[in-house]
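The primary structure of each chain is shown beneath.
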Amino acid sequence: MNQRYRPITRLGLGGTGLGDMYHSTGDEAAHTTVAAAWEAGIRYFDTAPHYGTGLSEHRFGQALRSRPRRHYTLSTKVGRVLVPDPAGDIAPPFVSSLPFRRVTDYTAAGARRSVEDSLQRLALGSIDIVYVHDLSPDHLGDGFDHHYRIAAGAGGAFEELVRMREEGLIKGWGLGVNTVEPCLRALRDSDPDIFLLAGRYTLMETTPLAELFPLCAERGAGIVLGGPFNSGFLAGGDHYDYVPAKSQHHERRERLRQVAARHGVDLAAAALQFGAAHPVVAATIPGASSTRHLRRNADQMEVKIPAPFWQELVHEGLLPPEAPLPE
């Protein structure tokens, strides 16, 4: 088994905010956010062609171009090829677009083109990790099996990413998804190094504990946790998995808040630290579209949280007893 690549730091910066998710950020604010991340010691940056139809990649490239390349980890994604379109392609939850539109493509040729196009948008010489983006039932619906067979079969994205890893063009690959099942299938069908799993291992839900995390440990694969706040919900927002939160989400968050209040704990800090405590988790990447959010995230990873807080969450049934807890 090859030596698995891991991000340089355990706290990263997710790139949805730099792609104008929910609201416009602006080039200067995006550049300042990346600079603040660097000052805070963050050296892992994740982006995707999907985020603002190339906007996030473009901004990351501008912001990182003057930084020593060997001193940070950069990941992006394949699965959508961008083709020129003067009208752009604004797709919620993003509110902006560069003059391109998205074309779904999970073939080997599409993966190769997507990586090469990303390098051009970034204007950087290398990408460390490539995730196959949104190869998942929540995004593809009834078309999931069709697209998965394309990606995992002969002439698909999986084999091309293995080839690019062997060539040294990338250091590792996996899936970037919001659901567990595609990761399990990929581990059984191919040789991924690392998964970006968004929103599934948080204080709101711990689905991967049953099968995915044990299989990752067995295979030597790592996990990067995206969406540790469940689309900002655990940090006080109104969205859960990118859509308005439901009543059961609000009810669970209120229970979590009550326990946090009894122990004087910042719930957002607990949300960040909880996921990072599992041994298969290599990094966590909350999004941030401002220096205030970025510095808050960095500070919250260092806050001391008393052990009785975690113990009460387990006692109240808000966390399963088998979940590793932060020390």
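Structure's up top.
Being a predicted model, the structure only gives us computed values, none of them experimental.

A. Structural context of the nonpolar core. Grouped together as the largest cluster of nonpolar side chains are 87 residues, with contacts concentrated most on Phe45, Leu135, Leu203 and Leu212. If you tally residues by element for this core, the top one is helix α10 (residues 267-276), at eight residues. Those residues within four positions of Phe45 in sequence are excluded, and the remaining contacts are Leu13, Val34, Ala37, Trp38, Phe60, Leu64, Tyr72, Thr73, Leu74 and Ser75.

B. Structural context of the sheet that holds strand β9 (residues 222-226). Sheet architecture is open: eight strands sit in the order β1-β2-β3-β6-β7-β8-β9-β12, paired in parallel fashion. The outermost strands of the open sheet, each flanked by one partner alone, are β1 (13-14) and β12 (281-285). Two elements, β1 and strand β2 (residues 44-46), share two bridges in a ladder whose sense is parallel. Bridge pairing in β2 places Gly14 opposite Asp46.

C. The arrangement of the packing of helix α1 (residues 27-39) against helix α11 (residues 291-300) in detail. Running from N to C, α1 and α11 cross one another at 20°; their axes reach a closest spacing of 9 Å. Considering their axes alone, α1 and α11 lie roughly parallel with respect to each other. Considering the relative orientation of α1 and α11, their crossing is right-handed. Two secondary-structure elements touch here, α1 through Thr32, Thr33, Ala36, Ala37 and Glu39 and α11 through Thr291, Leu294 and Arg295. For the contact of α1 with α11, the class distribution of residues is three nonpolar, three polar and two charged.

About the thresholds
- Residues numbered from 1 in each chain as written.
- Predicted model: local features only at pLDDT ≥ 70, side-chain atom pairs only at ≥ 80, totals over all residues.
- Heavy atoms only, no water.
- Core = buried A, V, L, I, M, F, W, Y, C linked by side-chain atoms within 4.5 Å.
- Buried < 20%, exposed > 50% of the residue type's maximum accessible area, 1.4 Å probe, protein only.
- Helix = DSSP H or I, 4+ residues; strand = E, 2+ residues; numbered from the N terminus.
- Contact = heavy atoms within 4.5 Å.
- Pairing = 2+ DSSP bridges.
- Axes fitted to C-alpha atoms, helices over the stretch in contact; angles between N-to-C directions.
- Parallel < 35°, antiparallel > 145°, perpendicular 65-115°, else oblique.
- Left-handed = near helix turned anticlockwise from the far one by under 90°.
- Nonpolar A, V, L, I, M, F, W, Y, C, P; charged D, E, K, R; others polar.

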